Amino acid sequence: MSDTKVALVMGSVSDWDTMKQAVSVLKNLHVPFEKHVISAHRMPDQLGAFAKSARDRGIQIIIAGAGGAAHLPGMLAANTTVPVIGVPMQTHALNGLDSLLSIVQMPAGVPVATTAIGTAGAKNAAYLAASILSLSDSEVLDQLNLFRKTQTEKAIESEMQLND
Ligand code: RP5
């Protein structure tokens, strides 16, 4: 089993511009991850095999970004009990409301923790994954605390500059 506990999955390479924001956060927090493009409707067999093997491969959290009908996070969750965090892509047709409602409205029994639409959601999926890992990983907790401290200092600094 490897050290990689987070798997990042996107429904299409066209989701990468958004999902790379999650990658950037995971890298900053020194959280090892693997990344995949798995289309729920174009690669259903690969989706099933990936999700069914995730727990045995040591994956503890799956971050899944998808847009439009956005069935990827729900179908991953249907095939594993590893927690799934869904990231709704900002679409052209409906500005991401379609993705959000599709991901967030899972019927009871197969949950998908859903973030905001677009880049904020991608970043927060990574921060949430790190928070969950930090329950049992003190190195991730240290990185998360450092990030929060720096974020607070920057906010205070910006407030001081406003009043200069
Ligand atoms: C979804 O359909 C993907 O997650 C993507 O957001 C959207 C469009 O995919 P492409 O047609 O660009 O591959 O499955």
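Definitions and cut-offs
In this numbering scheme, every chain counts its residues from 1 along its sequence in written order. The predicted nature of this model means local features are confined to residues of pLDDT at least 70 and side-chain atom pairs, given and counted, to a pLDDT of 80 or more, with totals for whole chains, interfaces and linings taken over all residues. UniProt positions are given in the numbering used here, feature names are shortened, and annotations may be inferred rather than shown by experiment. The helix and strand labels rest on DSSP assignments: H or I over at least four residues marks a helix, E over at least two residues marks a strand, and numbering proceeds from the N terminus. In this treatment the radius of gyration is a C-alpha quantity, and the globule benchmark scales as 2.2 Å times the residue count to the 0.38 power. The exposure label follows from counting other C-beta atoms within 10 Å of a residue's C-beta, where the C-beta atoms are placed from the backbone and the thresholds are 20 or more for buried and 12 or fewer for exposed, leaving partly exposed in between. Whether two residues are in contact depends on their C-beta atoms, placed from the backbone: they are in contact if these lie within 7 Å. Here, any two strands with at least 2 DSSP bridges between them count as paired. Any residue whose C-beta atom, as set from the backbone, lies within 6 Å of a molecule or strand is reported as near that molecule or strand. In this count, Pro and Cys sit with the nonpolar residues alongside Ala, Val, Leu, Ile, Met, Phe, Trp and Tyr, while Asp, Glu, Lys and Arg are called charged and the others, Gly among them, polar. Structural elements are reduced to axes, namely lines fitted to C-alpha atoms, with helices fitted over the stretch in contact, and the angle between N-to-C directions of any two is expressed from 0 to 180 degrees. When the near helix sits turned anticlockwise from the far one by under a right angle, the crossing is termed left-handed; a clockwise turn instead gives a right-handed crossing.

In the annotation of an unreviewed UniProt entry, the entry for the protein reads N5-carboxyaminoimidazole ribonucleotide mutase, and the organism field reads Oenococcus kitaharae DSM 17330. For the protein, the Pathway (unreviewed entry) comment in UniProt is given as "Purine metabolism; IMP biosynthesis via de novo pathway; 5-amino-1-(5-phospho-D-ribosyl)imidazole-4-carboxylate from 5-amino-1-(5-phospho-D-ribosyl)imidazole (N5-CAIR route): step 2/2." The UniProt entry for the protein carries the following comment under Catalytic activity (unreviewed entry): "5-carboxyamino-1-(5-phospho-D-ribosyl)imidazole + H(+) = 5-amino-1-(5-phospho-D-ribosyl)imidazole-4-carboxylate".

Draft legend 1. Broad picture of the overall build of the protein. What the protein contains, in helices and strands, is 6 helices and 5 strands. Mapped in sequence order, the helices and strands of the protein form the string β-α-β-α-β-α-β-α-β-α-α. Taken over the C-alpha trace, the protein has a radius of gyration of 16 Å; the compact-globule value for 164 residues is 15 Å, and the two agree within 12%. Among the 164 residues that make up the protein, the fraction classed as buried is 37%. Counting contacts in the protein only where the partners sit at least 6 residues apart, residues at least 24 apart contribute 68% of the total.

Draft legend 2. The sheet that holds strand S4 (residues 84–88), seen in detail. Strand order in this open sheet of 5 strands is S2-S1-S3-S4-S5, and the pairing throughout is parallel. Each of the sheet's edge strands pairs with one partner strand only, and the pair in question is strand S2 (33–37) and strand S5 (113–114). Sheet analysis places strand S1 (residues 6–10) next to strand S3 (residues 61–66), joined by 5 bridges and oriented parallel. Counterpart to Val 6 in the pairing with S3 is Ile 61.

Draft legend 3. Up close: the site of the ligand. Near the ligand the following residues occur: Gly 11, Ser 12, Ser 14, Asp 15, Ser 39, Ala 66, Gly 67, Gly 68 and Met 89. Of the residues contributing to the shell around the ligand, the split by class is 2 nonpolar, 6 polar and 1 charged.

Draft legend 4. Structural context of the packing of helix H1 (residues 16–28) against helix H5 (residues 119–134). Running from N to C, H1 and H5 cross one another at 30°; their axes reach a closest spacing of 8 Å. Like other packed secondary-structure pairs, H1 and H5 cross with a definite hand, here right-handed. Between H1 and H5, the residues in contact are Thr 18, Met 19, Gln 21, Ala 22, Val 25 and Leu 26 and Thr 119, Ala 122, Lys 123, Ala 125, Ala 126 and Tyr 127, respectively.

Draft legend 5. Representation of unusual backbone geometry in the model. Phi is positive for Ala 70, which is not a glycine, with a value near 50°. Among the structural elements, Ala 70 can be located in the loop between S3 and helix H3 (72–78). Judged by the 27 C-beta atoms lying within 10 Å of it, Ala 70 is buried. One non-glycine residue, Asn 95, lies in the positive phi region at around 65°. Within the fold, Asn 95 resides in the loop between S4 and helix H4 (97–104).

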